[in-house]
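One-letter residues, chain by chain:
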Amino acid sequence: LGSIFSFKLSGEGKIVLHIHRGDFKVFYKKSFINILITKLIFNFTDILIVLSENQKQEFSTYFDNNNIFVLENSLNNECEFNEIKKKKKFIYISNYIKEKGIFELLEVFSNNKNLSLECFGGFVNNEINIKKYESINIKINGFINGEDKYKNIYEAEALILPSWNEGQPTIILESMMMGTIVLTTNVGLVNEMLGDDYPFYFEPNNIHSLNECIEKFKFYEYKDELSLKLRDAYREKYSKSIHKEKLLKIFK
């Protein structure tokens, strides 16, 4: 806050604030201090960048609507693969922390040996012990990135994101770009990315709901159509070219 105040007094430029989470209201209403700090920061802010149109409406309560701009997340690197036969496996790519829903996910697959799960992520907490879940149908790997990451997403039957809270997850964008179906909790701005009528939402921190979603996916008849729909949605709304156009309009 002090840095913002000092910069504002210098009069040498504009302050641009980028809101990168989907749980602003939770933070804002948590305490009087949070409300006070937020209002002070907004008073010094010239431009506010948010992730979606719904967020813009939300923030118009606290900030001048004319200076709020929508800029969805995009990907630094884009790629496509030629036709590859999908492997009969589900994939998880995220940090190994309980808030990402990793324990519910591993519990489901531990109880269903007919399903294969491959996990990739960073071990950010030494107290998290998930290696004990490794088995004939569950593989737990370290961090993955670059073309290897995209290849694994592309070849997977589906990606599962069981997070308790999200903003606008780039892993969903990566899956959309690859045309890989996502099974996900409907948290943060996820429904704005995939649509209110998306067929594969499940409740966070709910093993039964996750089980039901996987079962629904197994017998879903329109996987190819949904795959193409996801890829088209990425190109129309989240691609680098679209992101660049919106960015230039904000800073014209």
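Everything here concerns the structure above.
The model shown is predicted, which means the values in this text are computed figures rather than measured ones.

Asks: Would you take a moment to explain the overall build of the protein chain for this structure?
Replies: Summing up its helical and strand segments, the protein chain has 11 helices and nine strands in all. The C-alpha radius of gyration of the protein chain comes to 20 Å, within 12% of the 18 Å expected for a compact globule of 252 residues. C-alpha atoms of the protein chain, sized along the principal axes, occupy 60 × 40 × 30 Å. With 252 residues in all, the protein chain has 46% of them scored as buried. Across the protein chain, every contact between residues at least 6 apart in sequence was considered, and the portion connecting residues at least 24 apart equals 63%. With the model as given, the accessible surface of the protein chain reaches about 14,000 Å², and the carbon-plus-sulfur share is 50%. The positive charge centre, built from 33 side chains, and the negative charge centre, built from 34, are 2 Å apart in the protein chain.

Asks: Please clarify how the sheet that holds strand β3 (residues 68–70) should be interpreted in this entry.
Replies: Each strand in a sheet pairs with its neighbour through backbone hydrogen bonds, running either in the same direction (parallel) or in the opposite one (antiparallel). Spatially, β1-β2-β3 is the arrangement adopted by the three strands of the open sheet, whose pairing is parallel. Edge positions in the sheet fall to β1 (16–18) and β3, since each of these pairs with one other strand and no more. The average angle at which neighbouring strand axes cross in this sheet is 25°, direction not considered. Here β1 runs beside strand β2 (residues 47–50); their pairing, made up of three bridges, is parallel.

Asks: Is there a simple way to think about the environment of asparagine 95 in this case?
Replies: Checked against the element boundaries, asparagine 95 lands in the loop between β4 (90–93) and α5 (102–110). When the C-alpha positions of asparagine 95 and phenylalanine 123 are compared, they lie 6.4 Å apart, and in sequence the two are 28 residues distant. With residues near it in sequence (within four places) discarded, asparagine 95 still touches Lys100, Gly122 and Val124.

Asks: Got a minute to help me understand the pairing of strand β7 (residues 158–161) in this structure?
Replies: Each regular strand displays side chains that alternate between the two surfaces of the sheet. Covered by surrounding structure in β7 are Ala158 and Ile160 together with Leu159 and Leu161, the residues of both alternating faces. In this sheet, β7 lies alongside β4 in parallel orientation, the contact comprising two bridges. Considered in β7, the bridge of isoleucine 91 is made with leucine 159. Following the chain from β7 across helix α7 (residues 170–178) to the adjacent parallel strand β8 (residues 182–185), one finds a crossover that is right-handed.

Asks: Teacher, can you tell me more about the side chain of glutamate 174 here?
Replies: Position of glutamate 174 among the secondary structure elements: in helix α7. Residue contacts for glutamate 174: discarding those within four places in its chain leaves Leu75, Lys149, Tyr150 and Ile153.

Asks: Even after reading the chapter, I still don't get the sheet that holds strand β9 (residues 201–202), so can you show me in this structure?
Replies: The strand order across the open sheet formed by six strands is β6-β5-β4-β7-β8-β9, and the pairing between neighbours is parallel. Each having just a single partner strand, β6 (138–141) and β9 make up the two edges of the open sheet. Direction of pairing for strand β5 (residues 117–120) relative to β6: parallel, over a ladder of four bridges. Bridge pairing in β6 places cysteine 119 opposite isoleucine 140. Helix α6 (residues 146–155) rests against β4, β5 and β7 of the sheet, and its axis sits at about 145° to β4.

Cut-offs and rules
Residues numbered from 1 in each chain as written. Predicted model: local features only at pLDDT ≥ 70, side-chain atom pairs only at ≥ 80, totals over all residues. Heavy atoms only, no water. Helix = DSSP H or I, 4+ residues; strand = E, 2+ residues; numbered from the N terminus. Rg over C-alpha atoms; globule rule 2.2 N^0.38 Å. Buried < 20%, exposed > 50% of the residue type's maximum accessible area, 1.4 Å probe, protein only. Contact = heavy atoms within 4.5 Å. Areas by Shrake-Rupley, 256 points an atom, 1.4 Å probe, with all protein chains shown as cover. Lys, Arg positive; Asp, Glu negative; His and termini not counted. Charge placed at Lys NZ, Arg CZ, Asp CG, Glu CD. Pairing = 2+ DSSP bridges. Axes fitted to C-alpha atoms, helices over the stretch in contact; angles between N-to-C directions. Right-handed = clockwise from strand over helix to strand, strands pointing away.

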